[in-house]
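A closer look at the structure
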Amino acid sequence: MKAIYLIALIALAAPAAHTQEVDPYTNNAVAIEEGRGLYNGACTACHGVNGAAGELGPGLAIPGRSYARNTDAQIFDAIKHGIPETVMPAQQSKLNDDQIWKITAYVKGLRGTAIDAPSPGNMAQGEAVFWGKGECGSCHMVRGRGSIIGPDLSNLAGSRKTNSIIAALTSEQHRVYGPGGAQPHNLVPLQTYPVVQVTILDGKTVRGVLRNEDSFSMQIMGLDEQLYLLDRAKLKTIIYESKSLMPTDYDKRLSKMEFDDLLAFLTRLGSPPTPQEPQVRMPGGREVD
């Protein structure tokens, strides 16, 4: 009995196990997609579907919003135990820890760039749409293949949010930059690609993307992928076009499945951020790698 009593005292005196700090499913596309399903099943009574704002809960990836809970552990705790003095309920009676970590990975991914929470769909089929029916490669380059008329998209998902990518494909008025959310930086504005058409005094017409200009010269990347260095004094007409070369009706020119597959491809273009190595605290407070 004394031995059992002593063991019990030792157990009570031992420090409690530390709560896990890092989500084991970060950048795990399969687990994040499971987290999306779990979120849509458990959280949309208050929040909107896929992280949008709902009747009672705010959107989980609104550009410019400041989040009180940013770390993996903070998001996990809010889901598991709820948030005191708010309508946010605890989910620990409905979801186990593994499920909550998957939802955490999904929510964290929503606040990052597209690579953190790629869109569902068939990536291989999306790549075929990109180079085929979508004709995206006629302006853009990916990993050395394609055109140089428009921006290189090799790291699109690492530098843009999913909603920005969707907006660029479907809306004439859109922004492709903004706060990086969970990423520790602001996303920089994308270089603009205004379309211009000029007629030279000898009658030749050049149409393409304006790369640079001043009071004396113009640099145009022609639709033939040739760079034209032009003297303004030798130009007969200059027409600045109001519309971009970028189509904004992909949701109409593609079927829903083709569009979803294209998004699956685009939201995986790039590399996920490299996780930081955990630091070990030595006795006395000194940290070592």
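Before going into details, it helps to say that this report is about the structure given with it. (Residues numbered from 1 in each chain as written. Predicted model: local features only at pLDDT ≥ 70, side-chain atom pairs only at ≥ 80, totals over all residues. Heavy atoms only, no water.)

1. With respect to the nonpolar core
When a protein is soluble and globular, its nonpolar side chains tend to lie buried together. Within the largest apolar cluster, 19 residues are counted, with the highest numbers of intra-cluster contacts made by Phe130, Ile165, Leu169, Leu262, Leu266 and Leu269. Broken down by secondary-structure element, the contributors of at least two residues to this core are helix H5 (123-131), helix H6 (156-159), helix H7 (162-170) and helix H9 (256-266). At five residues, the largest contribution of residues to this core is made by H9. Setting aside residues no more than four positions away along its own chain, Leu269 makes contact with Val142, Arg143, Leu153, Ser154, Asn155, Leu156, Ala157 and Gly158. Counting residues in hydrophobic clusters, the runner-up holds 18 residues, among them Cys43, Ile103, Ala105 and Val107. (Core = buried A, V, L, I, M, F, W, Y, C linked by side-chain atoms within 4.5 Å. Buried < 20%, exposed > 50% of the residue type's maximum accessible area, 1.4 Å probe, protein only. Helix = DSSP H or I, 4+ residues; strand = E, 2+ residues; numbered from the N terminus. Contact = heavy atoms within 4.5 Å.)

2. Focus: the sheet that holds strand E9 (residues 235-240)
The strands making up a sheet are joined through hydrogen bonds of the backbone, oriented either antiparallel or parallel. Spatial strand order, E8-E7-E6-E5-E9: five strands in an open sheet with antiparallel pairing. The sheet is open, and its two edges are formed by strand E8 (227-231) and E9, each paired on a single side. Each adjacent strand pair in this sheet contributes to an overall mean axis angle of 40 degrees, direction not counted. Relative to strand E7 (residues 217-222), strand E6 (residues 205-213) is paired through five bridges, and the arrangement is antiparallel. Looking at the pairing, Gly208 lines up with Gly222 of E7. (Pairing = 2+ DSSP bridges. Axes fitted to C-alpha atoms, helices over the stretch in contact; angles between N-to-C directions.)

3. A look at the packing of aromatic side chains
Each aromatic ring pair is specified by the distance between its two centres and by the angle formed by the two planes. Taken as a whole, this structure holds four aromatic pairs when the rule is applied. Judged by centre distance (5.7 Å) and plane angle (50 degrees), the rings of Tyr39 and Tyr106 are tilted. Of the two residues, Tyr39 is situated in helix H2 (residues 29-42) and Tyr106 in helix H4 (residues 97-111); the sequence distance between them amounts to 67 residues. Across the pair, exposure class does not vary: Tyr39 and Tyr106 are buried alike. (Phe/Tyr/Trp six-rings, centres within 6.5 Å; stacked < 30°, edge-to-face > 60°.)

4. Some words on the side chain of Thr248
Within the secondary structure, Thr248 is located in the loop between E9 and helix H8 (250-253). If near-sequence neighbours (up to four positions away) are discounted, Thr248 is found in contact with Ala168, Leu169, Thr170, Ser171 and Glu172.

5. Focus on the pairing of E8
Residues Tyr228 and Leu230 line the buried face of E8, whereas the alternating positions Leu227, Leu229 and Asp231 sit on a face that is not buried. Both E7 and E8 contribute to a ladder of five bridges, which runs antiparallel. Residue Met218 lies in a different strand from E8, and its bridge partner there is Leu230.

Purely geometric stuff here, so don't read any function into it on its own.
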